[in-house]
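Chain by chain, the residues:
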Amino acid sequence: MRHLMNPLDFSVEELDRLFDLANRIEADPAKYAHACDGKKLATCFYEPSTRTRLSFEAAMLNLGGQVLGFSDAGSSSAAKGESVSDTIRIISCYADICAMRHPKEGAPMVAAERSGIPVINAGDGGHQHPTQTLTDLLTIRSLKGRLGGFTIGLCGDLKFGRTVHSLINALVRYSDIRFIFISPEELKVPDYITDMLTEKDIPYEEVIRLEDCMPNLDLLYMTRVQKERFFNEEDYVRLKDFYILDKAKLSAAKKEMLVLHPLPRVNEISVEVDDDPRAVYFKQAQYGVYVRMALILTLLGIER
Amino acid sequence: MLNVGKIEEGFVLDHIEAGKSLAIYHHLKLDKLDCTVAIIKNARSNKMGKKDILKVECDINTLNLDILAFIDHNITVNVIKDGEIVDKKELVLPREIHNVIKCKNPRCITSIEQELPHIFVLADEEKEIYRCKYCEEKAGNSSTW
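Attention now goes to the overall build of chain B. Of the regular secondary structure elements, chain B holds two helices and eight strands. Helices and strands in chain B line up, N terminus first, as β-α-β-β-α-β-β-β-β-β. In terms of overall dimensions, chain B has a C-alpha envelope of 50 × 30 × 25 Å along the principal axes. Within chain B, the fraction of its 145 residues that count as buried is 26%.

In structure tokens, the structure reads:
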């Protein structure tokens, strides 16, 4: 039985097959509308995450399956002290596949070890959020036509951003990728990532201002710069505008550059950018549903 | 000079860093075995200045020595049969270590679910880095129980 705990659990070839399936679903959703008839997805969310949970539920409903579950630990038996291991054994009796989010790192892996059904890690603390990475990869592959052969700028909080670290680790498996890290000094990408890039001989650059690299980018992955990450208010006020994407900054970008964002955005992308054809973050959310549909079908062994 | 007699069958763990023998005694769970054990502390050593030695009289198939490599791969493991050294075991880093290193990450699931084993997996053999199976936290020098 296969689970998904980490974006690197699938080989590049397996990911290609998964993304091909997601693209076939995108092209002809009606063909898959009954693929999971009679199957149930349990969404076990020990902490609230509306978009991820709804994306999983939409994916299963689109496949003709049904969903059950809980959306915070307070309404589950965890409030009575039940362990993750016991909960998953019970859930295995009720459902065919489970998506689990938990504030503690590694909880979905504990579940996978004891589970009788496939478990998908839907986010475990600051550790992994593999379906976000799969969503990012599918969006890039679908809209660029390839994974590789581009310069990607990652902008914002690169120190604590889980989605950024996962995406970098996933992208280094493809060829001819150049990274540009755009962040304030306080939120630079961790050394273990730049060390890994140096070791693999993958080119990267670190810049402070978004304007400094905009014309060179084929992709721009935006994340939020949170005020509480700064040591003092003065630095935050001085730097925050460097990381807000607006029409003026976007005007320096290539015509075919794509802007991605894991969402929710707060103010790091001005709403005036939303109508620009390069802004694909809402399409990205749609690809998130397709990739979860493909993942459910793959893990259930319905379609590979 | 202290004299400890020969053993017929078992292991002599030599060149243990001085002061570490008792920790090894516990990691090998020798306290739970009904066998003769000699713990020699601060023995004179030409190579190390001083060292610890453990002599364990037991069936050579009963003891799992994998953990020794993690603790100190410079330990010499002499296998004794019929009172003679029949083999010198080379220590190989174990792929997984169970309940020897405690995960110190307060965000790890093992911090709230007490019955879970603390499992560390060899993530980088060259750099001898172990990571928690669940949260991937790196094992530090002070992580052993």
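Next comes the rest of the description.
What follows concerns the sheet that holds strand β4 (residues 76-81) of chain B. Residue and element names in this part refer to chain B. Strand order in the open sheet made by the five strands is β2-β3-β1-β4-β5, with antiparallel pairing throughout. Two strands lie at the open edges of the sheet, namely β2 (36-45) and β5 (84-89), each paired on one side alone. The average angle at which neighbouring strand axes cross in this sheet is 20 degrees, direction not considered. Bridge count for strand β1 (residues 10-17) against β4 is five bridges, and the pairing is antiparallel.

Another point: the domain arrangement of chain B. Where interface size is given, it is often the accessible area lost as the parts come together that is meant. Under the domain assignment used here, chain B contains domain 1 (10-89) and domain 2 (96-132). Summarising the inter-unit geometry, the C-alpha centres of domain 1 of chain B and domain 2 of chain B are found 25 Å apart.

Further remarks concern the interface of chain A and chain B. Tallying the contact residues gives 11 residues for chain A and 11 residues for chain B. No other element matches the three residues that helix α4 (residues 107-114) of chain A contributes to the side of chain A that touches chain B.

Moving on: the environment of Glu-84 of chain B. Tracing the sequence through the fold places Glu-84 of chain B in strand β5. Here the alpha-carbon distance between Glu-84 of chain B and Leu-2 of chain B, two residues 82 residues apart in the chain, equals 20 Å.

Attention now moves to the domain arrangement of chain A. All names here are of chain A. Examined at the domain level, chain A breaks down into domain 1 (7-128 + 288-299) and domain 2 (131-284). At the junction of the two partners, domain 1 supplies 17 residues and domain 2 supplies 15 residues. Counting only elements with at least two residues in the side of domain 1 that touches domain 2, the list comes to α1 (12-27), β4 (119-124) and α10 (281-299). Taken together, the residues of the side of domain 1 that touches domain 2 break down into 11 nonpolar, four polar and two charged.

Quick look at α1 of chain A now. Residues and elements named next belong to chain A. For α1, built from 16 residues, the straight-helix expectation of 22 Å at 1.5 Å per residue is met to within 8% by its first-to-last C-alpha distance of 22 Å. Here α1 has its buried residues at Leu-15, Leu-18, Phe-19, Leu-21, Ala-22 and Ile-25. What you see down the axis of α1 is that its buried residues fit within an arc of 155 degrees, all on one side. Away from the buried face of α1 by more than 90 degrees, exposed residues Val-12, Glu-13, Asp-20 and Ala-27 are located. Tucked into the core, α1 has its buried residues touching α5 (130-144) and α10.

In this section: the sheet that holds strand β7 (residues 204-207) of chain A. Sheet strands line up and pair through hydrogen bonds in the backbone, either parallel or antiparallel. Residues and elements named next belong to chain A. Taken in spatial order, the five strands of this open sheet run β7-β6-β5-β8-β9, and their pairing is parallel. In this open sheet, the two strands that pair with only one neighbour each are β7 and β9 (258-260). This sheet shows a mean twist of 20 degrees between the axes of neighbouring strands, independent of strand direction. Where strand β8 (residues 219-222) and β9 come together, three bridges link them in parallel fashion. The partner of Leu-219 across the bridge, within β9, is Leu-258. The strands touched by α5 within the sheet are β5 (150-155), β8 and β9, with β9 carrying the most contacts at an inclination of about 165 degrees.

Definitions and cut-offs
Residues numbered from 1 in each chain as written. Chains lettered and ligands numbered in written order. Predicted model: local features only at pLDDT ≥ 70, side-chain atom pairs only at ≥ 80, totals over all residues. Helix = DSSP H or I, 4+ residues; strand = E, 2+ residues; numbered from the N terminus. Buried ≥ 20, exposed ≤ 12 C-beta atoms within 10 Å, placed from the backbone. Pairing = 2+ DSSP bridges. Axes fitted to C-alpha atoms, helices over the stretch in contact; angles between N-to-C directions. Domains from an automatic or database assignment. Contact = placed C-beta atoms within 7 Å. Nonpolar A, V, L, I, M, F, W, Y, C, P; charged D, E, K, R; others polar. Expected span 1.5 Å × (residues − 1). Arc of directions from axis to C-beta.

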